[in-house]
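Chains, contacts and geometry: an overview
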Amino acid sequence: MLRINASGLRLISKSLNVQSVKAVKNIAIDDKDRLSKPRSQIKGVELLRNPSLYKGMAFTVEERQLLGIHGLLPPAVLSQQVQCHRIMENFRREKDDLSRYIALTNLQYRNEKLFYKVLIDNLELLMPIVYTPTVGLACQKYGIAFRRSKGLYITIHDKGHIYDVLCNWPESVVKAIVVTDGERILGLGDLGCYGMGIPIGKLSLYTALAGIYPTHCLPIMLDVGTNNQQLLDDPLYIGLRQKRVTGKVYEEFMDEFMDAVVARFGYNCLIQFEDFASHNAYKFLQKYQEKYCMFNDDIQGTAAVALAGLMTSLRVTGTPLEENKILFVGAGQAACGIADLVALAISRKANITFEQACSRIYMFDVDGLLVEDRPEGQLDGPKNKYTKQSLRPTKNLSDAVEQIKPTALIGATGVGGIFTESVIRKMGQLNERPVIFALSNPTHKAECTAQQAYEFTDGRCLFSSGSPFKPVELNGKTYVPGQGNNSYIFPGVALATTVFQSKHIDEEVFLIAARTLSEQVSESDLVAGQLYPPMKQIQNVSVKIAVEISKYYYETELASLYPAPYDLESYIRDQLYDTTYQSYVPNTWTWPEEHTKPKDFN
Ligand code: NAD
């Protein structure tokens, strides 16, 4: 129950006793807080329906009178602090994570500043709700979770008119787009139009973790159909009821989309590709990387976060990167993306060719170890360069571990439990401090749990997972598993790219991001087994990453913002979204400290 203490009550009565409101000709609102319409025009009930402007009961009496909303809200005036308290009280009452997700998205649609304030203040608690693992569940149940439309839906039937659809978006300044076609949502497969939860969730993190303005962000679903029969039969399905369009028509559609974005929002508009099927993800990355300002988070973001975890692990094992033997289980876009970046890092560090660096990396997929004469399974595409000649083919992971004797085992298969007890124990026998990453999402698809990894290696392993695991108690010691969460990387990359208007985003950017992230892990984090900085530091991490990337953008003339700011970090910090409510009247009365921090609320 919401409890107001005595000083709170006094304060509310005081605010209600305001006798006269001074005539104010111009409504003063911070310029940074962009509006879709000139501010003076937004008044009355329209103001209450605009999530960027809405303050709920935090509108002061003066504002209510000046803006024509007096009487449309209950009489009490509440501070943002009290509102946050109410949201969290209600959040705790929700019965399950899907309901919590729905409650938070409802808040986002109603009151954007309050949503981000609540999210930022409770990051560790709320990240697993707005992002993995709950966002995966929400996508699967999107027909039920859907409340109102957010973002843009462009279907294959819009081919030839994509620019016109983009013009329907009310904001003319869009700096970042997250786009999916829903074919491979997390490890959950083809979720078609239900995949829209991912671009929306990712862009919420652009704002919460990197301070990018919500109005500058646009989530896009490219609906080309779905091959998921369950969805096609689902009466609540929100997308096109047809099989996926593929081949030439699909590719022309994608090309038109990229050109239309540039025509509508300019060359500097960042386009983050998310959850495309493996073959398309790689193809589009190669095709568009040097032509547009784009990156693929599943390949490059994952790669950077995993490389950062590996770099941090090596601070404990003491083995230089180039002396490690790394076995990837899974040879899809996540595994190949990580392997490629690790190979690049090794080649830089050891001053060897990329091909030589690839020889330290091994892969095992659904058809077994990648060796030249294996009886079944393809060896084409990006995984091909990791095929070995001198090893025996095997479909048994334990056997592969025995043959290779890896120092690090990295899982990105989407197959839960594939790191069996015998595989983990073998890693423990081979290494004093084995590195074990179980990156598959959501939680039930992780290759092993944190408990299993620590238990079967007597607490010696350096563990990281894609989805969050709770700390593990073992023999009187607490181990805090690291979460190799892409959200350590993509917000910082996006921040540097949008602020300094980079022309392209190349591989070097992800090397820089990985190195910077790893450097943010303190010695005390390491002692607890954490391979990443605590979540609560993530905004600061994003800024640090953005600073390092921006130096690179200027060195390589990728930045379009001219002249380069003298102090990059303070320039970035000046651009960040502020969750504090704006005052709509000049010299408005503000809450005294004693009320903004009510004693009863602890
Ligand atoms: P993908 O479909 O491109 O690749 C899956 C790979 O796993 C394929 O190479 C396949 O052959 C292999 N595989 C399947 N079954 C196997 C088995 N039984 N034994 C060995 N290999 C098997 O998928 P992806 O995009 O690479 O994603 C894989 C997983 O990684 C997903 O669960 C995804 O959620 C996760 N992921 C995690 C992060 C992160 O933690 N930061 C980021 C991206 C992806």
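All of these numbers come straight from a predicted model, not from anything done at the bench.

This part covers the UniProt feature "binding site: a divalent metal cation" (unreviewed entry) in the chain. Feature annotation in UniProt places "binding site: a divalent metal cation" (unreviewed entry) on Glu274, Asp275 and Asp298, given in this structure's numbering. The annotated residues occupy 25 residues of the chain but converge on a single region, no pair of C-alpha atoms lying more than 6.6 Å apart. Residue placement: Asp275 occurs in the loop between strand E4 (270–273) and helix H14 (278–288). For Asp275, a relative accessible area of 1% gives the class buried. Other than its neighbours up to four places away in sequence, Asp275 contacts Thr180, Asp181, Gly182, Glu183, Arg184, Ile185, Leu186, Ile198 and Asp298.

Let's shift gears to the environment of Glu473. Looking at the secondary structure, you find Glu473 in strand E12 (residues 472–474). Glu473 gets classed as exposed once you look at its relative accessible area, which sits at 56%. Sequence-wise, Glu473 and Ile238 are 235 residues apart; in three dimensions their C-alpha atoms are separated by 44 Å.

In the vicinity of the ligand lie 24 residues, with Arg184, Ser278, Thr302, Ala331 and Asn486 positioned nearest. Contact between the ligand and Ser440: an oxygen atom at 3.4 Å from a side-chain N or O atom of the residue. Within the side chain of Asn486, one N or O atom sits 2.4 Å away from a nitrogen atom of the ligand. Across the complex, the protein chains shield 83% of the 860 Å² of accessible surface that the ligand would expose by itself. Of all elements in the fold, only helix H16 (333–350) and strand E7 (361–365) reach the threshold of two or more residues within the shell around the ligand.

The feature "domain: Malic enzyme N-terminal" (unreviewed entry), as annotated in UniProt, sits at residues 108–289 in this numbering. Annotated as 47% helix and 11% strand, the span residues 108–289 places its first and last C-alpha atoms 32 Å apart.

Burial along E4 is two-sided: the residues Leu270 and Gln272 and Ile271 and Phe273 are all buried. Both E4 and strand E5 (residues 294–296) contribute to a ladder of three bridges, which runs parallel. If you follow Ile271 over to E5, its bridge partner there is Met294. One crossover worth recording links E4 to the parallel E5 by way of H14, and it is right-handed.

Two elements in contact, helix H13 (residues 247–265) and H14, have axes separated by 12 Å at closest approach and are oriented at 45 degrees. As summarised for this structure, H13 and H14 are arranged oblique, according to the angle between their axes. Crossing of H13 over H14 shows right-handed handedness. Packed against H13, whose contacting residues are Tyr250, Glu251, Met254, Asp255 and Met258, the element H14 presents Asn280, Lys283, Phe284, Lys287 and Tyr288 at the interface. Of the residues assigned to the contact of H13 with H14, the class counts are five nonpolar, one polar and four charged.

Analysis parameters
Residues numbered from 1 in each chain as written. Predicted model: local features only at pLDDT ≥ 70, side-chain atom pairs only at ≥ 80, totals over all residues. Heavy atoms only, no water. UniProt positions renumbered as here; feature names shortened; annotations may be inferred. Helix = DSSP H or I, 4+ residues; strand = E, 2+ residues; numbered from the N terminus. Buried < 20%, exposed > 50% of the residue type's maximum accessible area, 1.4 Å probe, protein only. Contact = heavy atoms within 4.5 Å. Near = heavy atom within 4 Å. Polar contact = N/O pair within 3.5 Å; in protein donor to acceptor, adjacent residues only side chain to side chain. Areas by Shrake-Rupley, 256 points an atom, 1.4 Å probe, with all protein chains shown as cover. Pairing = 2+ DSSP bridges. Right-handed = clockwise from strand over helix to strand, strands pointing away. Axes fitted to C-alpha atoms, helices over the stretch in contact; angles between N-to-C directions. Parallel < 35°, antiparallel > 145°, perpendicular 65-115°, else oblique. Left-handed = near helix turned anticlockwise from the far one by under 90°. Nonpolar A, V, L, I, M, F, W, Y, C, P; charged D, E, K, R; others polar.

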